[in-house]
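Here's the letter readout for the chains.
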Amino acid sequence: MTIRSTYQGSKSMLVIAIDVGTTFSGAAYTILRPGKTPEVYNVNGYKGQENKEGNSKVPSVLFYSPSGELLACGSEVRKLRHKKGIKTEWFKLGLRPPSMAIKAPQVEMPYNRDVIGVFGDFLKYMYDCVRTHIRDTHIDGWTVWSSMSGTAHLVLSHPNGWGAYQQGKMREAAIRGGLIPDTPEGRERIEFVTEGEASFHWSVRAETKETTLTQTLIQEGTRIVVADLGGGTIDVSSFIVTTRSPLRLKEQMAPDCALEGSIIVSKRFADYQRSKLRGTPYGGNDYIEGLREEFDQEAKCHFDGLEDETT
């Protein structure tokens, strides 16, 4: 069973969705053809992690030379860890509204770049990854890209707490990254979706071996709360289903957003270790950073809320 309707447009269209997260990012796309039911394709096989089949997330990190030249993005940054330069991560926090004021981790910016420029660089990287994926995985991929990319529509996600100002900055980043031209027509090709709403649509379409969530739980009048626990923010949205087919929703209350995501947990861990190890041979920044990375990659990933009697 599918809850997607056939595409009723008169012309074929390429739609690209890019989710730039605080710590990880992803992209997907669909090729709309008149009279056909759309199929959504996740982009995977990012450079530096091609051997991880099905890996549809890539680190939101860039590496610049001391003069500000972009050298690498995503997983390929690891290859340059011993090279002199600037590693820029968590840059998305630079767009947060004043209402999300919090002592966030320090973002190291490259020479002669602002947060919009860095955001544009990363959007271009993600866009290029979509292009490579379409060309390499579809039998007519080169034709699809050459004929549709110039008019492709882009969908960019952002936290619930962001508004028109942040959307304007993201649109400017897309222009700087070369995704769209700086024209009225180009600007109209970008649409925005909150991360809470995007998470809901992903959830209701998520399939198990037996069925889909839509078949078993989604009925007219069903009330749903979606919590998106991300790297930078926690987004909570609530909806009521007004009709099941086609699926239509109504917000129950204003969506909420808190800057309390994964990296804030890691920062508090690092601050705690720094306070405990201050004045010892292990209180230096390099050692604390090593502890934070180990916490990120191991302890935090395996935490299940249950007490471990061996520790």
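Higher on the page you've got the structure.
On to the side chain of Ser157. Following the sequence through the fold, Ser157 ends up in strand β8 (residues 153-158). Side chain to side chain, Ser157 and Asp19 meet in a polar contact 2.7 Å long. Ignoring anything within four residues of it in the chain, the contact list for Ser157 reads Ile18, Asp19, Val20, Met170, Val193 and Glu195.

Soluble, globular proteins show a tendency: their nonpolar side chains are buried together. If you look at the biggest cluster of nonpolar residues, it comprises 47 residues, and the most contacted ones within it are Leu14, Ile16, Ile18 and Leu123. Secondary-structure elements contributing two or more residues to this core are β1 (13-20), β2 (24-32), β5 (61-64), α1 (115-137), α2 (141-148), β8, α3 (164-176) and α7 (262-277). Counting residues per element, this core draws most heavily on α1, which supplies 12 residues. If sequence neighbours within four positions are ignored, Ile18 has contacts with Gly26, Ala27, Leu123, Met126, Tyr127, Val155, Leu156, Ser157 and Leu179. By size, the runner-up hydrophobic cluster in this structure holds seven residues, among which are Phe200, Ile218, Phe239 and Leu247.

Using the criterion set out here, one finds 13 salt bridges in the structure. Across the pair Lys169 and Glu172 runs a salt bridge whose closest N-O atoms are separated by 4.0 Å. Placement of the pair is Lys169 and Glu172 together in helix α3, with a separation of three residues, close to one helical turn. A residue is classified by how much of its surface remains accessible, and Lys169, at 24% relative accessible area, is partly exposed. A salt bridge links Glu172 to Arg176; its shortest N-O distance comes to 2.8 Å. Of this pair, Glu172 and Arg176 are both found in helix α3, four residues apart, which corresponds to roughly one turn of the helix.

Here the focus is α7. If you check α7, its first and last C-alpha atoms are 23 Å apart, about what 16 residues at 1.5 Å a residue would give, namely 22 Å. Backbone geometry just downstream of α7 places Gly279 in the positive-phi region, at approximately 85°.

Relative to the elements of secondary structure, Ala258 occurs in strand β13 (residues 256-258). In the structure, Ala258 is positioned 22 residues away from Val236 in sequence and 8.8 Å away in space, judged by C-alpha atoms. Contacts of Ala258, omitting those with residues within four sequence positions, involve Gly232, Thr233 and Ile234.

Attention shifts here to the packing of aromatic side chains. Applying the stated criterion across every chain yields a total of seven aromatic pairs. Geometrically, the ring pair formed by Phe269 and Phe295 is stacked, given 4.1 Å between the ring centres and 5° between the ring planes. Here Phe295 lies in helix α8 (residues 285-302) and Phe269 lies in helix α7, a separation of 26 residues in the sequence. With a relative accessible area of 17%, Phe295 lands in the buried category. Cluster of aromatic residues (ring-pair linked, three or more members): Phe91, Phe119, Phe122 and Tyr125.

It is at 9 Å that the axes of α7 and α8 come closest, and there the two elements cross at 135°. Classified by the angle their axes make, α7 and α8 are oblique. Two packed elements cross with a definite hand, and for α7 against α8 that hand is right-handed. Where α7 abuts α8, its residues Ser262, Val265, Ser266, Phe269, Ala270, Gln273, Arg274 and Leu277 lie against Asn285, Tyr287, Ile288, Leu291, Arg292, Phe295, Asp296 and Lys300. For the contact of α7 with α8, a count of residues per class yields eight nonpolar, four polar and four charged.

Of note in the backbone geometry, Trp90 takes a positive phi value of approximately 60° without being a glycine. Relative to the helices and strands, Trp90 is located in the loop between β7 (86-89) and α1. Classification of Trp90 by relative accessible area gives buried; the value is 12%. With a phi angle near 65°, Asn112 is a residue other than glycine that sits in the positive phi range. Relative to the helices and strands, Asn112 is located in the loop between β7 and α1.

Cut-off values and rules
Residues numbered from 1 in each chain as written. Predicted model: local features only at pLDDT ≥ 70, side-chain atom pairs only at ≥ 80, totals over all residues. Heavy atoms only, no water. Helix = DSSP H or I, 4+ residues; strand = E, 2+ residues; numbered from the N terminus. Polar contact = N/O pair within 3.5 Å; in protein donor to acceptor, adjacent residues only side chain to side chain. Contact = heavy atoms within 4.5 Å. Core = buried A, V, L, I, M, F, W, Y, C linked by side-chain atoms within 4.5 Å. Buried < 20%, exposed > 50% of the residue type's maximum accessible area, 1.4 Å probe, protein only. Salt bridge = Lys/Arg side-chain N within 4 Å of Asp/Glu carboxyl O. Expected span 1.5 Å × (residues − 1). Phe/Tyr/Trp six-rings, centres within 6.5 Å; stacked < 30°, edge-to-face > 60°. Axes fitted to C-alpha atoms, helices over the stretch in contact; angles between N-to-C directions. Parallel < 35°, antiparallel > 145°, perpendicular 65-115°, else oblique. Left-handed = near helix turned anticlockwise from the far one by under 90°. Nonpolar A, V, L, I, M, F, W, Y, C, P; charged D, E, K, R; others polar.

Taken by themselves, the reported measurements are silent on function.
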